Amino acid sequence: MAIESEVLSLPDEKSGKALQFIEEITKNTDPIQERVLANILSQNADTEYLKRFGLNGATDRDTFKSKVPVVTYEDLQPDIQRIANGDFSPILCAHPISEFLTSSGTSAGERKLMPTIDEEMDRRQFLYSLLMPVMKQYVSGLDKGKALHFLFIKAETKTPGGLVARPVLTSYYKSEQFRKRPFDPYNVLTSPNEAILCPNSFQSMYTQMLCGLIMRHEVLRVGAVFASGLLRAIRFLQLNWEQLAHDILTGTLNPKITDPSIKECMSNILKPDPELATFIKAECSGENWERIIVRIWPNTKYLEVIVTGAMAQYIPTLDYYSGGLPKPCTMYASSECFFGLNLKPMCEPSDVSYTILPNMGYFEFLPHDDSSSTTLSRDSQPRLVELADVQLGKFYELIITTYAGLCRYRVGDILQVTGFHNSDPQFRFVRRKNVLLSIDSDKTDEAELQKAIENASELLKQFNTSVVEYTSFADTKSIPGHYVIYWELFMKDSSHPPTNQVLNQCCLVMEELLNSVYRQGRVSDNSIGPLEIRVVKNGTFEELMDYAISRGASINQYKVPRCVSFTPIMELLDSRVLSFHFSPAAPHWTPERRR
């Protein structure tokens, strides 16, 4: 049975067939992986990339592994840039590159460009088609109502060669597969397509919230892509409930909503409802927002949000607003490839494991050890582990080979093997490799933060002041969350300290040096708040070291943590704060690419 027919024929099948399919492919993990690799190599045999390494049409694993190196984005960037600039010869993939999916930022501050092809949309749709058959095993009646999902498109641009570059979910929401999807009683949204596809974030959010309130008794699940997105929706309701209630009371639409397509569709949805308006006022006018989700949407069965990895920091706040509703994480995907499913979606967030489906791409695993370097040179290629051969409890970095032309590509995700479903391994997502700070879809590593601090500290030289030590954390208590940087300063002349204005400016200088994903979150998406610097007393970081040593750390091996989250450490730092400083303006950001 060909892998392509397996992928492309499934979406119209019924739930029982979908579950049977999952069982069949997870019982044949290794043979399917072998066939997937052979298909990819055969399909792309005449590409410049594979010819470069002398594959000569070979499709077997041994030849592939012996000749094709493990690579990073930086290794592929020259080829990707050629495609972006308009070279449409078969460089990475035999099929034409249809668009670029933008991933997290590079060290140069630009988003990564991930090439994709038309058939990948079908492959992504295939994985989406498996979500509800799995969920229906655990939650009944999901076909009797609707989902309030806050879904948004993000800014897109075009490369010099004319290809669209945009986030993977924006690509999906704008696709024919989404816009003209057939009716499915298990996937009915309260949000009209016109609201989801509106590029104005305020108008999109306002309309989706308004529809969710109007249909509140029909809502069975509430969600967003990331936990941070759902919390921003709650904050939006806190700030805009009066106008929303007014619209519902009068049956008229907020004049700030100017999008013609939204105005047209809402004319058929929005009718005067004084009773609902009174209810919203009663629930939202007080200061108590505990359990607000189940108070307004009383039939909600669960929250559909990602709460693994960096998003786990939002779980306590979600529990506060929802009364502890289940938070199933249903799938594992990225811009580079869609990977697999959580086959036990109603488990606790700390127990989430994903089953990587062997027909989605070819997967290899680099054994990972935080205490040792995983930097690879082409002269010392490691022996990677096959999907079927990973070991229980071990940590690995994920390496992928895709139909769209990525070969032995380091995704940067660190995973831990937690078990097996039939012969197919299940993984816990541990973290992104080297990521230090994250609020939403942003990812800031230590090198990037260090560079930003070095540039900002240049402003302190006029005061004969320097940054002695620093650490950071992602503050998610406020909505939106923001980066907090603790600075300990050394002043040669204490009578001439840096001014508040200069320290505030240091915050902005740091933000200007952070990657474009962060800056888009600050400027366009409003998903990240202004960066904050907290100046602490002299000697604070010595106290931090003393505390670590008292808990068993070696004085010879102690290094200042560049990111902290442990409550006693946070309390120590905050008890030593002398002053608070915030970025006085938004950093520069534009959707246009630099080249």
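Residues numbered from 1 in each chain as written. Predicted model: local features only at pLDDT ≥ 70, side-chain atom pairs only at ≥ 80, totals over all residues. Heavy atoms only, no water.

- The name given to the protein chain in an unreviewed UniProt entry is Indole-3-acetic acid-amido synthetase GH3.1, with Psophocarpus tetragonolobus as the source organism.
- For the record of the protein chain, the UniProt heading Sequence similarities (unreviewed entry) holds the text "Belongs to the IAA-amido conjugating enzyme family." (UniProt positions renumbered as here; feature names shortened; annotations may be inferred.)

### Describing the overall build of the protein chain
Reasoning step 1: For the protein chain, the helix and strand inventory stands at 21 helices and 21 strands.
Reasoning step 2: Relative to the compact-globule value of 25 Å for 595 residues, the protein chain shows a C-alpha radius of gyration of 25 Å, a close match.
Reasoning step 3: Along the first, second and third principal axes, the C-alpha set of the protein chain runs to 75 × 65 × 50 Å.
Reasoning step 4: Scored against the burial criterion, the 595 residues of the protein chain give a buried share of 54%.
Reasoning step 5: Sequence-distant contacts, at least 24 apart, represent 70% of the contacts inside the protein chain between residues at least 6 apart.
Reasoning step 6: Of the roughly 25400 Å² of accessible surface on the protein chain, 50% is carried by carbon and sulfur atoms.
Reasoning step 7: Side-chain charges of the protein chain comprise 62 positive and 72 negative groups, with the mean position of each set lying 1 Å from the other. (Helix = DSSP H or I, 4+ residues; strand = E, 2+ residues; numbered from the N terminus. Rg over C-alpha atoms; globule rule 2.2 N^0.38 Å. Buried < 20%, exposed > 50% of the residue type's maximum accessible area, 1.4 Å probe, protein only. Contact = heavy atoms within 4.5 Å. Areas by Shrake-Rupley, 256 points an atom, 1.4 Å probe, with all protein chains shown as cover. Lys, Arg positive; Asp, Glu negative; His and termini not counted. Charge placed at Lys NZ, Arg CZ, Asp CG, Glu CD.)

### Thoughts on the packing of helix 12 (residues 227-250) against helix 16 (residues 315-322)
Reasoning step 1: Packing of helix 12 against helix 16 brings their axes to within 10 Å, and their N-to-C directions diverge by 45°. The angle between helix 12 and helix 16 falls in the class oblique. The handedness of the crossing between helix 12 and helix 16 is left-handed. Taking contact as the criterion, the partners of A227, L230, L231, I234 and Q238 in helix 12 are, on helix 16, T317, L318 and Y321. (Axes fitted to C-alpha atoms, helices over the stretch in contact; angles between N-to-C directions. Parallel < 35°, antiparallel > 145°, perpendicular 65-115°, else oblique. Left-handed = near helix turned anticlockwise from the far one by under 90°.)

### A word on the sheet that holds strand 19 (residues 482-491)
Reasoning step 1: Strand order in the open sheet formed by 4 strands is 18-19-20-21, with mixed pairing between adjacent strands. Every interior strand has two partners, whereas the edge strands, strand 18 (465-475) and strand 21 (577-582), have only one. Direction aside, neighbouring strands of the sheet carry axes that sit 25° apart on average.
Reasoning step 2: In this sheet, strand 19 lies alongside strand 18 in antiparallel orientation, the contact comprising 10 bridges. Within strand 19, the residue paired with T471 across the bridge is Y486.
Reasoning step 3: Contacting strand 18 and strand 19, helix 17 (residues 446-457) crosses the sheet at an angle of about 135° to strand 18. (Pairing = 2+ DSSP bridges.)

### Section: the packing of helix 20 (residues 540-550) against helix 21 (residues 567-575)
Reasoning step 1: Taken N-terminus to C-terminus, the directions of helix 20 and helix 21 make an angle of 155°; their axes are 10 Å apart at the nearest point. In terms of axis orientation, helix 20 runs roughly antiparallel to helix 21. Where helix 20 crosses over helix 21, the handedness of that crossing is right-handed. Between helix 20 and helix 21, the contacting residues are T540, E543, L544 and Y547 on the first element and P568, I569, L572 and L573 on the second.
Reasoning step 2: Here the contact of helix 20 with helix 21 is built from residues that sort into 6 nonpolar, 1 polar and 1 charged. (Nonpolar A, V, L, I, M, F, W, Y, C, P; charged D, E, K, R; others polar.)

### Observations concerning helix 19 (residues 516-523)
Reasoning step 1: The element helix 19 is largely enclosed, with a buried count of 7 among its 8 residues.
Reasoning step 2: All buried positions along helix 19 are accounted for by S516, V517, Y518, R519, Q520, G521 and R522.
Reasoning step 3: A distance of 3.0 Å separates the backbone nitrogen of V517 from a side-chain oxygen at the start of helix 19, and that oxygen is part of N515. (Polar contact = N/O pair within 3.5 Å; in protein donor to acceptor, adjacent residues only side chain to side chain.)

### Quick word on the confidence of the model for the protein chain
Reasoning step 1: Of the residues in the protein chain, 93% reach a pLDDT of 70 or more, and the chain-wide mean stands at 89.
Reasoning step 2: Here residues 1-13 scores under 50 on pLDDT; set against residues more than four positions off or in separate chains, the count is 25 contacts.
Reasoning step 3: Between residues 372-378, whose pLDDT stays under 50, and residues either more than four places distant or in other chains, the model counts 14 contacts. (pLDDT = per-residue confidence, 0-100.)

### Things to note about the nonpolar core
Reasoning step 1: Grouped together as the largest cluster of nonpolar side chains are 148 residues, with contacts concentrated most on L237, I293, L341, F363, F365, W487 and M510.
Reasoning step 2: Top contributing element to this core by residue count: helix 12, with 11 residues.
Reasoning step 3: Excluding residues within four positions of it along the chain, I293 makes contact with V222, L230, I234, T300, L303, Y321, S322 and L325. (Core = buried A, V, L, I, M, F, W, Y, C linked by side-chain atoms within 4.5 Å.)

### A short note on unusual backbone geometry
Reasoning step 1: Residue P480 follows I479 across a cis peptide bond; omega there is 0°.
Reasoning step 2: Phi angles above zero are rare outside glycine, and N56 is one such case at about 55°.
Reasoning step 3: Residue placement: N56 occurs in the loop between helix 4 (48-52) and helix 5 (61-67).

### Overview of helix 16
Reasoning step 1: Considered for burial, the residues of helix 16 that qualify are I315, T317, L318, Y321 and S322. Along the axis of helix 16, the buried positions cluster into a sector of 160°, meaning they face one direction only.
Reasoning step 2: Where the residues of helix 16 are buried, they touch helix 12, helix 15 (292-296) and strand 7 (302-306).
Reasoning step 3: Phi turns positive, to about 70°, at G323, one or two residues after helix 16. (Arc of directions from axis to C-beta.)

### Structural notes on the sheet that holds strand 6 (residues 219-226)
Reasoning step 1: Strand order across the open sheet formed by 3 strands is 3-6-7, with parallel pairing between neighbours. Edge positions in the sheet fall to strand 3 (146-150) and strand 7, since each of these pairs with one other strand and no more. Averaged over all pairs of adjacent strands, the angle between their axes in this sheet comes to 20°, without regard to strand direction.
Reasoning step 2: Bridge count for strand 3 against strand 6 is 5 bridges, and the pairing is parallel. Looking at the pairing, F150 lines up with A224 of strand 6.

### Observations concerning the packing of aromatic side chains
Reasoning step 1: Inspection of every chain in the model, using the stated rule, returns 20 aromatic pairs.
Reasoning step 2: With a centroid separation of 5.2 Å and 55° between ring planes, the pair formed by Y173 and F178 is classed as tilted.
Reasoning step 3: Note on Y173: relative accessible area 5%, which makes it buried.
Reasoning step 4: Under the relative-accessibility criterion, F178 is labelled buried at 4%. (Phe/Tyr/Trp six-rings, centres within 6.5 Å; stacked < 30°, edge-to-face > 60°.)

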